[in-house]
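Listed here are the chains, written in short residue letters.
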Amino acid sequence: MASASLCADAPVLMATQRANKHILLRLDRGRRVRLVREVYLRSDVPCCSELCRRGCQAPADGCASLPAALTHYVLPDCAAARAYWELFELPEVEGVLLTLTSLHHIQGAGGRRLYNRVKSQLRDPRQSTALFDNEFQAECWRDRRPGESEDQHAAGLNWSAARWYAQHLDYAIPIVLVTDGTVEPCQPEDKGGVDVLSVADYVARFHGDKPQVTQIFESLRASLAAAEAASSAEGSAGESTRGDYPEHLSAESLKAGVKSGQFLQGCLHVSRKSGQDTAVVSLSGGAQMLELKASRRDPDRRAARPEPGGARRHRVRPAAAQGLLGPASRRRAADGGLGRRPHGRVVGIAQRNWRDYVCSVEPAADGSSKDSGASKRILAVPWDRRVPKIRIATSQAAALASQRFVVRIDAWPADSQYPNGHFVRPLGAVGHLETETQALLIEHGLAVREFSAKQLAELPAVTEDQPWQVDPQEVAKRRDLRQSHLVFSIDPVGCVDVDDTLSVRRLDNGNIELGVHIADVTHFVKANSLCDIEARQRCTSIYLADRRYDMLPLLLSGNLCSLWSQVDRYAVSVIWELTPDTEVVSVWYGRTVIRSAYKLFYEMAQRIHDGEAMETAVPDIPELAPLLKRDRDLLRRRFAQLREAVSLLVGVANTIKARRMACGGLELEGVEVQAKFADPERTQLEDLVIAECMIFANHWVARKIVAYYPSQSCLRRHPPPRQEFFDSLIRCAQARGFTIKADSNRQLAESLDSCVDPADPEVNRILRTLATQAMSNALYFSTGALPRDQFAHYGLALDLYTHFTSPIRRYADILVHRCLLAALGDSEAEDALLPNQELEAQCCLMNERHRAAQHAQMASMQLFQCLFFRARPPTDPLRLVEAVVCQVRDSSIGVFVPRYGIKGSVRLARSDGSVLDAGPPARDLRSVQAAPPPAEAAPDGCGPRWIPAGSGASVSRDPSGGSLRVSTGPEQKQQVYSLFDHLVVRVSVAESHSHGPALQLDLVARLVSKDAGAADAGGGGKADLVRQVREREEQQEEERRWDLKRRQGEEEGGQQHLLQSTGTLYHFLLDTARRDAKRRRGSGQD
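The structure displayed is predicted, hence computed values, not measured ones. (Residues numbered from 1 in each chain as written. Predicted model: local features only at pLDDT ≥ 70, side-chain atom pairs only at ≥ 80, totals over all residues. Heavy atoms only, no water.)

Here we take up unusual backbone geometry. At C48, a residue that is not glycine, the phi angle is positive and equals roughly 65°. Position of C48 among the secondary structure elements: in the loop between β2 (32-41) and β3 (73-76). Residue classification places C48 among the buried positions, given a relative accessible area of 8%. A positive phi angle, near 65°, is found at N528, a position not held by glycine. The class for N528 is exposed, based on a relative accessible area of 55%. (Helix = DSSP H or I, 4+ residues; strand = E, 2+ residues; numbered from the N terminus. Buried < 20%, exposed > 50% of the residue type's maximum accessible area, 1.4 Å probe, protein only.)

The next thing to look at is the sheet that holds strand β34 (residues 954-957). Spatially, the 3 strands line up as an open sheet ordered β34-β35-β36, and their pairing is antiparallel. Here the strands that pair on one side only, and so sit at the sheet edges, are β34 and β36 (974-978). Averaged over all pairs of adjacent strands, the angle between strand axes in this sheet comes to 20°, irrespective of strand direction. As judged from the 4 bridges shared by β34 and strand β35 (residues 963-967), these two strands associate in the antiparallel manner. Opposite V955, over in β35, you have V966 as the bridge partner. (Pairing = 2+ DSSP bridges. Axes fitted to C-alpha atoms, helices over the stretch in contact; angles between N-to-C directions.)

L600 and L649 are the most contacted members of the largest nonpolar core, which has 100 residues in total. Not counting residues up to four positions away in its chain, the partners in contact with L600 are F488, S489, I490, D491, I608, I621, L642 and V646. Ranked by size, the runner-up nonpolar core spans 71 residues in total, among them L767, F869, L916 and F980. (Core = buried A, V, L, I, M, F, W, Y, C linked by side-chain atoms within 4.5 Å. Contact = heavy atoms within 4.5 Å.)

Now for the packing of aromatic side chains. In the structure shown here, the tally under the stated rule is 17 aromatic pairs. Seen in terms of ring centroids, W85 and F88 are 6.1 Å apart; in terms of plane orientation they differ by 45°. Their pairing is tilted. Note that W85 and F88 are positioned in helix α1 (residues 78-88) at a spacing of 3 residues, about one turn of the helix. Among the residues examined, W85 registers a relative accessible area of 1% and is labelled buried. (Phe/Tyr/Trp six-rings, centres within 6.5 Å; stacked < 30°, edge-to-face > 60°.)

Under the criterion given, the structure shown has 0 disulfides. Its sulfur unpaired, C819 is 8.7 Å from the next cysteine sulfur, which belongs to C714. For C819, a relative accessible area of 2% puts it in the buried group. Left unpaired, C843 is separated from the closest cysteine sulfur, that of C714, by 3.9 Å. Residue classification places C843 among the buried positions, given a relative accessible area of 0%. (Disulfide = S-S within 2.5 Å.)

In this section: the pairing of strand β17 (residues 420-429). Here 2 bridges tie strand β15 (residues 390-394) to β17, and the two strands are oriented parallel to one another. Opposite R391, over in β17, you have N420 as the bridge partner. The pairing of strand β16 (residues 403-411) with β17 spans 8 bridges and is classified as antiparallel. Its bridge partner lying in β17, F405 is registered against P426.

What the rule picks out here adds up to 42 salt bridges. By sharing partners, the salt bridges in this structure join E474, R478, D520, R591 and D826 into a single network. (Salt bridge = Lys/Arg side-chain N within 4 Å of Asp/Glu carboxyl O.)

Attention now goes to the environment of Y418. Structurally, the position occupied by Y418 is in the loop between β16 and β17. For Y418, the residues in contact, after removing those within four places along its chain, are L379, K389, R391, W412 and P413.

Turning our eyes to something else, we now look at the packing of helix α2 (residues 100-110) against helix α4 (residues 150-168). The axes of two packed helices give the description: the angle between them and the distance between them. In contact at an axis separation of 9 Å, α2 and α4 are set at 145° when each is read in the N-to-C sense. Only D151, A154, L157 and N158 of α4 make contact with α2, whose side of the interface consists of T101, S102 and H105. For the contact of α2 with α4, the residue count by class is 2 nonpolar, 4 polar and 1 charged. (Nonpolar A, V, L, I, M, F, W, Y, C, P; charged D, E, K, R; others polar.)

Two strands in a sheet stick together by hydrogen bonds in their backbones, pointing the same way (parallel) or opposite ways (antiparallel). Spatial ordering of the closed barrel is given by β13-β14-β15-β17-β16, a layout of 5 strands whose pairing is mixed. The sheet shows a mean angle of 55° between the axes of neighbouring strands, taken without regard to direction.

Its place among the elements puts I656 in helix α17 (residues 632-662). According to the relative accessible area criterion, I656 is buried, its value standing at 8%. Residues I656 and C693 lie 37 residues apart in sequence; the distance between their C-alpha atoms is 8.3 Å. In contact with I656, not counting residues within four places along its chain, are L514, T582, E692 and F696.

Below, the discussion takes up the pairing of strand β9 (residues 278-283). The side chains of a regular strand alternate, residue by residue, between the two faces of the sheet. Most of β9 is tucked away: 6 of the 6 residues are buried. Burial along β9 is two-sided: the residues T278, V280 and S282 and A279, V281 and L283 are all buried. Looking at chain direction, strand β8 (residues 264-270) and β9 are connected through 5 bridges and run antiparallel. Bridging from a neighbouring strand, H269 pairs with V280 of β9.

Summarising the element assignment, H517 is placed in strand β21 (residues 512-519). A polar side-chain atom of H517 sits 2.7 Å from a polar atom in the side chain of S573. (Polar contact = N/O pair within 3.5 Å; in protein donor to acceptor, adjacent residues only side chain to side chain.)

Note that R660 resides in helix α17. In this structure the side chain of R660 is engaged in a polar contact, spanning 3.4 Å, whose partner is the backbone oxygen of L796. Sequence-distant contacts of R660, that is, excluding residues within four places in its chain, are made with G665, E692, I695, L796, A797 and L798.

Another aspect to go through is the environment of S573. With respect to the helices and strands, the residue S573 is situated in strand β24 (residues 568-578). Residues S573 and R479 lie 94 residues apart in sequence; the distance between their C-alpha atoms is 9.4 Å. At a separation of 2.7 Å, a polar atom in the side chain of S573 contacts the side chain of T592.

Okay, helix α3 (residues 112-123) next. Between its first and last C-alpha atoms α3 spans 16 Å; for 12 residues at 1.5 Å apiece the expected length is 16 Å, and the two agree. Buried residues along α3 sit against α1, β4 (96-99), α2 and β5 (129-132). (Expected span 1.5 Å × (residues − 1).)

The next point concerns the confidence of the model for the chain. Here the chain averages 79 in pLDDT, while 77% of its residues score no lower than 70. Per-residue pLDDT, averaged within each element of the chain, yields its smallest value for helix α8 (residues 327-334) (40) and its largest for helix α22 (residues 811-823) (97). In this model residues 1-15 is a low-confidence stretch, pLDDT under 50, and it forms 26 contacts with partners more than four residues away in sequence or in other chains. Across residues 295-306 the pLDDT falls below 50, and counting only partners more than four positions away or on other chains, this stretch makes 38 contacts in the model. (pLDDT = per-residue confidence, 0-100.)

This is how it looks when you write it as structure tokens:
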């Protein structure tokens, strides 16, 4: 290659001299290859600095440049860049100048993972990191001298680059050459305007006041020292330290085995429930599965060296003749314990999936703290139970004893049971809400940071004195709907990011005009801007139980791109002319200017549609309320116009929905959730009017962009599920006397609609939940990556579908907006379109982020549920709830708690062989709640009790899979647990210092019949649960602050500080009293 620059579009420069460079590359399994590259030297290589005054050519697109407003530029040499690159990735370390020499060294000695991280940072304009092609700059290059090692030659090249850089910029900014000290780059008296510092001195001089930088440096230094000590010990011991674990095969053997069919390649998925024993490998193409099993007592279970984390690519040998991982596994295979799936063993790892892990240190058995002082090695226990303990070197063992912190894995030696890693940063005290929230975000790969000043600088300047206004020149390019159309929005209570509005009216010819108007985000977020790059990485807004993390800065998501009422906003609109039967006559797409007349909530829209009187409805409509005292005639006309529009909208949406449902559309939980940040119990309008209009718009936009860009459009598909996935659903329905047909989405929809039990509405809900679990996930994809027959959306019964209606919170919608505008002739939008391969890679990232955000949202809700029940006393009636059996397993049953939306497992048999006797069934939930607590109950055998092993008790599953039978004694009294049975369970919290709290459900009683209304008795729904937890956490945080101030006062002493502490207590009590009074007023108790 003539150039190794990362800028693929860099212009060709005139070569002035040619030289040869010898490069030593390390391949798989440690094999090294020496390459000779021709180096073409020139004098006009760009310096990539904004301080340049010599007219250097700017770097090409995709290559970063160093900003001028910095205190210094730092140039790490080869060894420092390879060993401490994680330090230079921190946002606190700016102005990093990496030479091509150091990049080649990382490529050859640092491994593929590190090399890819470096390339990613160099391409990211958000990072102040630039690549300098020093080996093509004539004044920086020198040939290798006789007797000079490669490391010395590389050090000399880096030194020459640093000195040239300082001279080239006329010493306008200090240049710091950072080295790890292994090779001296220059003589002490020959500095040439360059500061040469060790990594430790650099951190102390420039970043000593930044805890994150110093912590990372100390952690990396301790990890490197520990690795060097371990390597020395292994070298002195020779082969005696090698374990019994077989090595993986070489890369060449793996490639040859896959090509010949001897090996199979796929992604490893480790079970969350039995992560130490079971894993599944999904083969490439997803058509087959291989099962890997290992016993905890199997001495060969580590032979496969399972990697910590989520899915990763493995090469697997089919084990039809060779068994599994070890003798114990082979014995289970002979006994038929592996089921019908084929099985195999891991022979090599094609790609690892190491990430950041949230960890903690297990407290000592005697409660003592770990000793501190010199660096020592400890075992960090990951939050994820599937990941083994990680050995780290740290001098902060005592401080970490009660903390959660982030750890990264460095290596996993073949002879070690545990991988080696290093400490990254602390998160906070174990058990605090903020700590646990950040932990679950990191565990789902969703760590977010604040928007930078550079990103915010791209946005319009908006203040209270100078609010944003539409530009007359921009308005002239758009269709102005402010005077001609009644535009309004319908959203959940508390929604602030209003990205969609609607309009509907009758035309003079008797037809209906329906409009969907979406915020024009692409007007503010230009392609490849810093905000666009940030949104491209985030892909979606994250909605947790008590907060959200926006994809876009708040100025956009909560102001300029939010379609509030009574303000002018830019929009992208789709307007249909429909017949009275909602057949499409014509459709118009384009950019518009709108002024929303009303910002309605779901409840208010429903009240207007239901015919509520104007006198009672108008006070709750802020846009109309002032007219009550000013102009009642105008009020009556506007309210009548609004009522007509809402009623017409409901009629049109219901007709559109009925036509789609007749084609096989499904109403399932999670097929396409149109959720917004609001009350967790109210995310959709009851009749789904708004959702149906959004689906209609998404479908028609998909038709438009595919027609113009058949291989460059971003669509969303929902593959049809495999028929065997419906077996559980069919068996459950048969247990209740219903029949499920799943040959097509239309038959499945009709079957689910017919499965209704008037006496128990939970039956249909559970069946729809099981149908959802059988479905595959909906996915974004590039139309150029799949054939046309795979574009359809199974759940919505549409041949084409995309996401267009929420560009504030989904990056896919931004891509679709640009594609639509390009189809309408916008040249700027057309230039921003991604090519097929790049679009497909972005779609894969969006699918991953979207799935992770959904899992994080569920984990956040589960965290709040744990915090809610943790604060309840054991005898609290709220712990006793009614549950419905939704799944039958071998020794347990899966239940659903409608009141709190909890799904969990109830054990009926323990690992020691004991069996649960639930006693006689109870009449209803209220009778169980009124009974005395278990500690006070008479030992008459009426309550649940565990029957020890050897007493004749047993648990057996019905062959049909629809029930579980418990025989409770020698008399073989049987208790049958069938699908849809109603039980009473006690909700408790299983505490874990290392893995966080988890809900635990214990059976209290069986119910004779459903307790009507029990699900809503006493309140306590999810929204109320989140509110109570937030208030309690805020109060505890205030108490902790006051306690800290009190302790500080005791340490400092003095009457003056005592008075300050007393004042703090007074204000704390006063604030608490005011908050309690406000809460009582809000709940109507005052």
